[in-house]
Every structure is written in C-alpha cells, then in structure tokens.
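Structural overview for review
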Amino acid sequence: MKYAKKNSTAKKDINRLLPMLIALCLIPFVILTKDYQTEFSEFVWFNMTEIAQIDSFEHAKSICVVVMGVSAAIVILISEWLNYKQKKRLFENCDVKILVLCAVYFIMVIISAVCSSYPNLAFTGGGYGQWQTMWVLLANVLLFLYAYRFVDSENQVSVVIKCLMVTVGLLALIGVMQTTGHNPLSWDWVQKIITSKSDVNGITFKEGISNVIITFSNPNYVGPFVALVIPIVAAFVAIRASKENGRAMACRIAGIAIIIGLIISLFGSSSSAGAIAVMTGAAAAVILILVNALTKEAGEREREEGSGKRRKTGVIIGAAVAFVLVAGIGVSRTAFFKNTVNKVLQGSEDTRNIASIVNSDKGLEVTLRNGEEFVLTPTYAEGQNVSFQAYDADQKEIPVEWSAQNSRFVLKDERFQMVTLGVANFNVDNQVYPGFRFYDTPNQIEWIFMYKDNDWQYYTPFGKFTKLHEVESFGFKDYQNIANRRGFIWSRTIPLMKTYWFKGIGPNAFIIAFPNDDFVGSKRVGGNTTLVDKPHNAFLQIYIQTGGISAIAYAGLWILYICGSVRLFWRRKHFTDTEKIGFGLMIGIFSFAVAGLTNDTVVGSQNMYWILLGTGFAVNRVIHKSREAAWIEAEREAARKREKEQEKQLRLKKKKR
C-alpha cells in the first residue's frame, strides 16, 4: 500500500513537471537534418550568391524548445489565473528580484527582435547556422519560470534529478561510443532517420575536428554540457553513498559509470574550455567542502573533550587535499592536459607583421605590429606597369626597388624588410585589372589590390572589391591568436558594446555586427579570411545580439543564484539529500558559466542551463522552507522542554511546602 501511494505521488509529480522534463530530458536527443539557404550577398564579406547549408543539431531542437515553452506558458497562465480567482498573490513563493530580472530579459529580447534590421534572422533563424530565434530565447525564460514555479517539494526535486540521470547516462554512453570509434549517429538506420526530411543521403563530421559531439553541433559544446551536469551526477552518487540497500548500491555504480563516461567524452572531444570549467568547478567544490569540514571541527572543539572526532575530521581533510593533489598531478601529466594548455597559450606570442592596412587619400596606410608605419603609394598609367612610392611616418621617402632574388619589389629599409610587392594583371569576370600582391613575406600572407574605377581597391576572397578601413579594437594587441583566435575576436567585439548597449542588433545577427570586413585582421590571425559568426563568449553574444540590458539581466540571474547558494551552503555542517542536490546544481551552474567565458550559447545546452538554473532556485527555496520548518519545530521542542522544566520546578516547590 505504501509503495502504491509512493508510485502514485511520483506519477503526479511527473505529470506536474512534464513540460520541463520533456525539454530537459528528451530534447537533447532530437537530431533532424534541415536544408536551408544562407544569403548575405549584400555584404562585402560574403559570396556573390546564396549558399546551400544543412543543420542537423540545432534547428529541430529549437522547434521543440519553442513548443515546450508555449506549453509551459499555458500551464503558468492557467495556474496563476486560478490563484488570482482564489485571491492569492501572483507567483506566490517566488522572489520578486528573480521575476524582475526575467521580465527585463524577456522584454529586451522582444524589443531587440522587433527593432532588428534583420527580422528574418531574429524570427526564423538560419543565417550562418544559428537558430536561437526570439521564440527560442523567450521559451528558455518560460521553461526557467516553470521549473522555478512548480518544483516545490523534495519529492519533485528527486523526480527531476532521476529523470536527468537517465538522460545524462544515455548521452554519456553516446559520447563513449563516439570516443571509441563506434559513433551511433553514423549507423545506417540512424542516418536514415536523421536525414529523412533532407535531400542529403547522410551526414558526416568535419575532418580535423573530434567526432565526439554527443548530440551537439560541435565538439566544443561537449565541454560546457559536461561541466554543467557532472557535479549533479556526483551529488546523486553522494546521496546514494549514505544508503546501504541494494538499490542504492546499483545507483552508486550507475552514477560512477556516468561520471566516467562523461570524463571519457570530455577527453574525446578535446574541449579545453570544458576541461578548465570542470577543474574550476571541482576546485570550488573542494574549497567549500573543506571550509565546511573546518567549521565542523571548530564547533566540536568547543563542545567535546575527546579528540577522536577532531582526528577523524583532520584525516578526512588531509585525505581530500591529498586526493586533489594526486589527481591534479596525474591530470597535469596527461596529453589532454598538455594539449589544453597549448591551445590556450597558442598564439600568445604574435609573429604576424602587418597590423593594419587602410585606404586613404595618401594611398595605403600600413601599420606594423611593432608600431612602425609607412604609406605606400602605388601608381598606374594606361599602358605602363604599376610603380610604387613609399614614405615613413616622418614623410621620409623609402626606396622601393626590384629584387631579382625575390622576383618582387622590396622596401629598402630594415624596418620594413618583411614587406614585398608582386605586380600582376588579374582577370576578373572577363575583365583585366592591373594590380599587385602585398606580402607579409615571412608569414606567407598576401593581400591583393587592383586598380578599378580610378582607385586602388582590395579584392576580397569572395570576389568583391572594397576599400579597407580602420577597424576599432580593444586589448589583446600582442595576443590576437591566443585560445584559437579568440583574442582577435574579443578585441573586435568589445568595441561593439557601446553601440549595442540597449537593444542589440537582433537574435542570430552577430555575424553582421562583427567587422567581418576586417580582411587584414582576419588573415593576420589565421592566414586565411575566416567569417566570425559568434564571439566565443556567452555574455558578449547576448550583449551584442539582444543588448547590454538583457545581458546584465542574464548575468544578474546567475549572480543572484550563485550568491544565494553560497550563503545557503557556507559553513554548513550536515547536508540533507536535497541540499546535496542543491550543492551539485550550484557547482554545475558555476562551471557552465566558466565554460561560457570562451564558448557561445547554443540551443542544445542553453535550454538545459535555463531549466537547471530555475530548478536550482527552486531547490534553494525548498531548502529554506525545510530549514525554517526544522527551526520552528526545534523552537517548539525547546518551548516544550522549558514548559516541562517549569512544571517540574513547580512540583518541587509544592513538595517543599
């Protein structure tokens, strides 16, 4: 009878939380290929015509997220309407600060999309592979509110975590299989399902990039996912560790297997950001656990004469520190760790010589990495060859001479000896243009200039003519290549913040906001012109696309949660099962944000983050209620004891009389 009642309660909890459980636990498995066209031909940094593309990992997920967001909105509206009819406060038991931040973010996303000059990107997605439309962003908020609003008991917390464990376990299994070369996404019958709505016969993975993507669009997104969920799985294992029955033992084994699978997937993906985030989260967890352990020892020192428990606590702390040190040393010796360090530091020493080239009335104004400047003035007359004059910053002429050894023109000045010039005629669209190649010779990088419409213009890799202009940058002067070109991307993105502080450029439109016409900067860091469609930083992505106000609201929710959680678990001596889950959620949310410093938000992981953040707030509320109830009960018990003591004293007085 007790089992039947427990089973019935679990079913009610699942039904109550169904929209968020589907979004959290089923949407990650949605993979369906969509054919679409990208058309940015109006921009000088894109092809002349549209290009055909496919997306298998985000478009279908985005549709599912919107559907579940609408479902969540309907349930929330019905629930609040019933509360209103019963004259209850709307969003009862919800923190006003959280609701205000959600409302600000929600409203600014709408304003950004409605005011965007690129409504097609904002409302339907696509573009250059981005599918976080206004509808998806709003759905994330609604799912967050749903989790925050309806997870209000320890049983419901348990239901959410159990469902999440099944999902994470299956995803970890996929990651392990991909790591070992048995990718289930490559199976014929799976490929047929994935491509059932597409004209392509099958999908493949990019060469040179790890095949370990689990169900995300890129190996880089495996890292944030692992960083988000692995502390929660660890908390699940910690709960079962305190129980001794057979089911608890099976859960412990399953949880440990999931953790191992996630770590294998992380190693297989080669996600440096994920590795750093996981290690940072682990360090934060160890610090809090040690603080709590020390607090416990201090309390016992005052109350106990014996030293047995103090010794036990010291042994635990020493063992924990030793484990962390040994694990740290072991990890530092792995090829994965060394590769991670190399990826972060790669490009920290800039060797590219050309910092900028700008078309001006004087000619081409060239700035070198070391700060030296000169002006190159090419001239052309009908029937003659291209000739050059050059002047340094002091207007002193720099001889430009032909070098038979290099078969190019060279600048006869030691300061500019790395620059060479190759004259040539270019056939473009059946028309011949005189021009030259501008070389950063040691780095084998070239820029092509042609004489068109009585002016010198840069010929882009996309077959278009343009004049090079000065591109504003901030920081990372000598570290453009650091962390796989992120220094270059961040240095060009940060100056955009003053332009898009209010409403942003619109969802999915970062590629347009970014100065992709910085052809010198792009070649300088990569050797080739590469389009930048995302900033590799979650905060900057939100800031530029939906505005600084929305980004501050987004960050505010995270700060509010982390600060509240730290206060909740700081110097806590004993953890209940729910508190262990809350602790795991806190570390996961923290680690995800660390990974977000060098990674973008994508549909696959971002909706999980929003739901778990809402769950984290809800769990903290449940813990507060539980502690308050325990405190009230303790006060009542103390009052009862005082009453009994008073009665006892009265009886003693009566006897004496």
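Look above for the structure.
Here's what I pulled together on the structure shown here. Along each chain, numbering runs from 1 in the same order as the chain's sequence is written. Given that this is a predicted model, residues contribute local features only at a pLDDT of at least 70 and side-chain atom pairs are listed and counted only at 80 or more, while totals for whole chains, interfaces and linings are drawn from all residues. Hydrogen atoms and water are omitted, and side-chain values are computed over all heavy atoms in the structure.

**Some words on the pattern of salt bridges**
Only one rule defines a salt bridge in this text: a Lys or Arg side-chain nitrogen within 4 Å of an Asp or Glu carboxyl oxygen. Going through the model one piece at a time under the given rule, you end up with 14 salt bridges. Close ionic contact of Asp453 with Lys452 constitutes a salt bridge, the shortest N to O distance being 3.1 Å. Note that Asp455 and Lys467 form a salt bridge whose closest N and O atoms lie 2.3 Å from each other. Taken together, the residues span a long stretch of sequence, with Asp455 in strand β13 (residues 455–459) and Lys467 in the loop between β14 (465–466) and α14 (482–493) at a distance of 12 residues. Think of it in three bands: with a 1.4 Å probe and only protein chains considered, a residue is buried below 20% of the maximum accessible area for its type, exposed above 50%, and partly exposed in between. Residue class for Asp455 comes out partly exposed when judged on its relative accessible area of 25%. We classify Lys467 as partly exposed; its relative accessible area is 46%. Salt bridges sharing partners connect three or more residues here, namely Glu372, Asp392, Asp413 and Arg415. A run of DSSP states H or I qualifies as a helix once it reaches four residues; a run of E qualifies as a strand once it reaches two. Both are numbered from the N-terminal end.

**Points about the environment of Thr124**
Mapped onto the fold, Thr124 is located in helix α5 (residues 119–124). For Thr124, a relative accessible area of 46% corresponds to the partly exposed category. Sequence separation of Thr124 and Asn508 is 384 residues, and the distance between their C-alpha atoms is 9.3 Å. Leaving out residues up to four positions away in the same chain, Thr124 has contacts with Pro119, Trp131 and Thr133. A polar atom in the side chain of Thr124 sits 2.4 Å from the backbone oxygen of Asn120. Only heavy atoms enter the contact rule, under which two residues are in contact if any of them lie within 4.5 Å. Distance and chemistry together define a polar contact, namely a pair of N or O atoms within 3.5 Å, with one atom able to donate a hydrogen and the other to accept it when in protein, and with adjacent residues in sequence counting only for side-chain atoms on both sides.

**Some points on helix α4 (residues 96–115)**
Take the residue count of a helix, subtract one, and multiply by 1.5 Å to get its expected span. Here α4 contains 20 residues, and its C-alpha end-to-end distance of 28 Å stays within 8% of the 28 Å for a straight helix at 1.5 Å per residue. With a side-chain oxygen lying 2.9 Å from the backbone nitrogen of Lys97, the N-terminal cap of α4 falls on Asp95.

**Overview of the sheet that holds strand β6 (residues 387–392)**
Here a strand pair is declared whenever DSSP counts at least two bridges between the two strands. On the basis of which strands lie adjacent, the open sheet formed by five strands has the order β3-β4-β5-β6-β7 and antiparallel pairing. Two strands bound the open sheet, and with one partner strand each, they are β3 (354–360) and β7 (397–398). Pairing of strand β5 (residues 373–379) with β6, which is carried by six bridges, proceeds in the antiparallel orientation. Note that in β6 the partner of Pro378 across the bridge is Phe388.

**Comments concerning a nonpolar patch on the surface**
Taken together, Val70, Ile74, Ile78, Trp81, Leu82, Tyr84 and Leu90 make up a surface patch of nonpolar side chains, about 730 Å² in accessible area. Along the polypeptide, Ile74 turns up in helix α3 (residues 59–85). Exposure above 30% relative accessible area and no salt bridge define the residues that can form patches, which grow by joining like charges within 9 Å and nonpolar side chains of Val, Leu, Ile, Met, Phe, Trp and Tyr within 5 Å. A 1.4 Å probe and the Shrake-Rupley method give the accessible areas. Residues count as covered only by the protein chains that appear here.

**A word on the packing of helix α2 (residues 18–25) against α3**
The N-to-C vectors of α2 and α3 enclose an angle of 160°; their axes lie 9 Å apart at closest approach. Accordingly, the angle class assigned to the pair α2 and α3 is roughly antiparallel. For α2 against α3, the interelement crossing comes out left-handed. Side by side, α2 and α3 meet where Pro19, Ile22 and Ala23 of the first sit next to Met68, Ser71 and Ala72 of the second. Axis angles are defined between N-to-C directions and span 0 to 180 degrees, where every axis is a line fitted to C-alpha atoms and, for a helix, only to the segment in contact. Angles below 35 degrees are treated as roughly parallel, those above 145 as roughly antiparallel, those between 65 and 115 as roughly perpendicular, and all remaining angles as oblique. By the definition used in this description, the sense in which the near helix is turned from the far one sets the handedness, with an anticlockwise turn below a right angle giving left-handed and a clockwise turn giving right-handed.

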